[in-house]
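Each chain, letter by letter, is given below.
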Amino acid sequence: MADLPYAEFSRKLYEKSARTGSPLRGQIELTYRCNLRCVHCYTDCHNNPRDLATERSTKEILRAIDEIREAGCLWLCLTGGEIFAHPDFFQIYDHALNQGFLITLFTNITLVTEEIADRLKQRPPFLIETSCHGVGETFDRITQVAGSFERFDRGLRLLIDRGLSVKVKTKAMTLNRGELDAIRSFIEGLGLEFR
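A brief look at the structure comes next. (Residues numbered from 1 in each chain as written. Predicted model: local features only at pLDDT ≥ 70, side-chain atom pairs only at ≥ 80, totals over all residues. Heavy atoms only, no water.)

So, about the side chain of threonine 130. Locating threonine 130 in the fold gives a position in strand β4 (residues 127-131). For threonine 130, a relative accessible area of 2% puts it in the buried group. In this structure, threonine 130 is in contact with Thr107, Asn108, Ile109, Phe152, Lys167, Val168 and Lys169, ignoring residues within four places of it in sequence. (Helix = DSSP H or I, 4+ residues; strand = E, 2+ residues; numbered from the N terminus. Buried < 20%, exposed > 50% of the residue type's maximum accessible area, 1.4 Å probe, protein only. Contact = heavy atoms within 4.5 Å.)

As structure tokens, then:
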């Protein structure tokens, strides 16, 4: 399958999966920790000391990654909370890469620094997905953290500058419905597709 275009490779794997019943995609929520308080987030209610104390240990996460690989998965999504808020993120990420996964990272990218972007460039994920909730004040209002759009913009540009594969999505909400054209302009102005 090495000479197949990606779409054909993927189609053949899905056909095989349908015949054998083996899973192809897995997802692990690494943490409830997050530096934002997005109004629409389903995990923010767990971003508290009591629930953080119940999170899986890094050792347990690594074991789960091994089990997911043994089950036949090829694509693995690492999500949270905010993945870069996990103190052992790169230990987990490197382990998953070493297992041969095609990794997608779900992140708010506001914690991305030059060091993180450089490290991802050295061993790139298959895809980095993030959400642009608005431009400027609207973004900050949705995340409930002042200055979060500025950090989002900086993180996004760091990833793009390093040639990493980034997908930016937008959720249409009451709080941003008047700004969808501005979001589109912002995203497309960076050379990315608006979704």
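After that view, the rundown keeps rolling.
Along strand β5 (residues 166-169), the buried face is formed by Val166 and Val168; none of Lys167 and Lys169, which line the opposite face, is buried. Pairing between β4 and β5: four bridges, direction parallel. Bridge assignment links isoleucine 128 to a residue of β5, and that residue is valine 166. (Pairing = 2+ DSSP bridges.)

A separate point is the pattern of salt bridges. Scanning the entire structure with this criterion turns up 17 salt bridges. A salt bridge links arginine 63 to glutamate 67; the shortest N-O distance between them is 3.9 Å. Of this pair, arginine 63 and glutamate 67 both sit in helix α3 (residues 58-70), four residues apart, which is roughly one turn of that helix. Salt-bridge contacts for glutamate 129 lead to lysine 167; the nearest nitrogen and oxygen are separated by 3.9 Å. A residue pair is termed long-range when its members are at least 10 positions apart, and glutamate 129 in strand β4 and lysine 167 in strand β5 qualify at 38 residues. Glutamate 129 gets classed as buried once you look at its relative accessible area, which sits at 11%. Connected through shared salt-bridge partners, Glu8, Arg11, Lys12 and Glu15 make up one network. (Salt bridge = Lys/Arg side-chain N within 4 Å of Asp/Glu carboxyl O.)

The space that makes up the largest pocket amounts to roughly 490 Å³. Taken together, 23 residues make up the lining of the largest pocket; nearest its centre are His40, Cys41, Gly81, Ser131 and Lys171. Here the lining of the largest pocket takes three residues from β4, the largest share from any one element. Along the lines of polarity and charge, the residues of the lining of the largest pocket split into seven nonpolar, 10 polar and six charged. Considering only enclosed or pocket space, the second largest pocket measures out at about 220 Å³ in volume. (1 Å grid on protein atoms, 1.4 Å probe; cavity = no way out; pocket = protein on both sides within 12 Å on 5 of 7 lines; lining within 4 Å. Points joined across faces, edges and corners; volume = space filled by probe spheres on them. Nonpolar A, V, L, I, M, F, W, Y, C, P; charged D, E, K, R; others polar.)

Bringing unusual backbone geometry into the picture now. Despite not being glycine, isoleucine 109 shows a phi value in the positive range, around 55 degrees. Its place among the elements puts isoleucine 109 in the loop between β3 (102-106) and α5 (114-122). For isoleucine 109, a relative accessible area of 0% translates into the label buried.

Everything listed is a geometric property; what it means functionally is a separate question.
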